[in-house]
Amino acid sequence: PRHFALIPAAGIGARMGAEFPKQYMPLAGKPMLMHVLDTFAATAAIAHTFVVISADDSYIGELMTAAPQLQGRVTLLYCGGASRHESVLNGLHAMRDQVGDDDWVLVHDAARPGLTSGLIEHLIEALRDDAVGGLLALPVVDTLKRCDQNQRVAETVPRTALWAAQTPQMFRYGLLQTGLTRAESVTDEASAIEMLGLQPRLVEGSPRNFKVTLPHDVALAEIFLKDYS
Ligand code: CTP
Ligand code: MG
């Protein structure tokens, strides 16, 4: 089976509060999304990369023109939905003619520019021959509290065995399509697979692969990106 990347990049970045969608923010000299596309395009194990873009996007065209290294390696799909879940489902539908049911799809947030080829290869290697698939994730380091309605601590949740999900999340095309179609509303692919009664494998990711969400995340992302570029 081949490995394909699918990048949902159709969000508006409301929490970032910038004047344009956060995936186009310059980070260490390059727009956030271009870090992600360059990383996938430079990873030999990835056969092709598909990117879900908003239908009214006015930024990506110019960026692609200036990126000859992505020619033939990346396809833009102008089918962004109202939620990440919908964008991924629309993307799966749009790429159906070029992918087989048994091929792997690595779904990765455009908002995680710290991903490296090494992490992609680590995930692919860990899931080779896996019956279900899985995702990058990190063991939780904080002490966790569950609160009541008055924001008082109801209980301390033992963090042993708790992991924070990252992306890429890697599943076979057919299974992913089935899971996401049946799921009502999920914030990641693994949740949809879990609803089918399956157990995705957790593969250790990296702190540098965190999701850039709030304004203060930008400085940290640049530190990681400058370290390795
Ligand atoms: N995404 C998408 N389509 C949507 C919403 C999100 O493709 N309708 C993508 C984002 O572009 C991002 C990834 O899903 O790459 C993770 O979402 P998130 O970090 O929440 O990004 P935004 O939704 O853009 O940010 P916010 O929730 O703050 O508005
Ligand atoms: Mg969002």
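As the structure is a computational prediction, the values presented were derived from the model and not from experiment.

A closer look at the sheet that holds strand 4 (residues 48-52)
Within a sheet, each strand pairs with its neighbour through backbone hydrogen bonds, oriented either parallel or antiparallel.
Thought 1: Ordered by their spatial adjacency, 7 strands build an open sheet running 5-4-1-6-10-7-11, and the pairing between neighbours is mixed. With partners counted over all chains shown, the strands left at the sheet margins are strand 5 (74-77) and strand 11 (201-204), one partner each. Within this sheet the neighbouring strands show an average axis-to-axis angle of 30°, counted without direction.
Thought 2: Sheet topology places strand 6 (residues 104-107) next to strand 10 (residues 163-172); 4 bridges connect them, and they run antiparallel. Pairing of Leu106 across the sheet is with Met170, part of strand 10.
Thought 3: In this fold helix 1 (residues 32-41) packs onto strand 1 (3-8), strand 4 and strand 5, with an angle of close to 160° to the strand it touches most, strand 4.
Thought 4: On top of the sheet, helix 4 (residues 117-126) reaches strand 1, strand 6, strand 7 (134-139), strand 10 and strand 11; it is set at about 145° to strand 11, its chief contact.

Some words on the confidence of the model for the protein
Thought 1: Of all residues in the protein, 99% have pLDDT values of 70 or greater, and the mean over the chain is 97.
Thought 2: The ipTM value of the predicted complex is 0.99, and its pTM value is 0.97.

Some details on the UniProt feature "site: Positions MEP for the nucleophilic attack" (unreviewed entry) in the protein
Thought 1: In the UniProt entry, the feature "site: Positions MEP for the nucleophilic attack" (unreviewed entry) is given for Arg159 and Lys211.
Thought 2: Along the chain, Arg159 falls in the loop between strand 9 (153-157) and strand 10.
Thought 3: The exposure class assigned to Arg159 is partly exposed, which follows from the 13 C-beta atoms found within 10 Å.
Thought 4: Non-local contacts of Arg159, meaning those with residues more than four positions away in its chain, are made with Val140, Thr143 and Leu144.
Thought 5: In this fold, Lys211 is placed in the loop between strand 11 and helix 7 (217-228).
Thought 6: For Lys211, a count of 17 C-beta atoms within 10 Å gives the class partly exposed.
Thought 7: The contact partners of Lys211, leaving out residues within four places of it in the chain, are Asp109, Ala111 and Arg112.

What counts, and where the lines are drawn
- Residues numbered from 1 in each chain as written.
- Chains lettered and ligands numbered in written order.
- Predicted model: local features only at pLDDT ≥ 70, side-chain atom pairs only at ≥ 80, totals over all residues.
- Pairing = 2+ DSSP bridges.
- Helix = DSSP H or I, 4+ residues; strand = E, 2+ residues; numbered from the N terminus.
- Axes fitted to C-alpha atoms, helices over the stretch in contact; angles between N-to-C directions.
- Contact = placed C-beta atoms within 7 Å.
- pLDDT = per-residue confidence, 0-100.
- UniProt positions renumbered as here; feature names shortened; annotations may be inferred.
- Buried ≥ 20, exposed ≤ 12 C-beta atoms within 10 Å, placed from the backbone.

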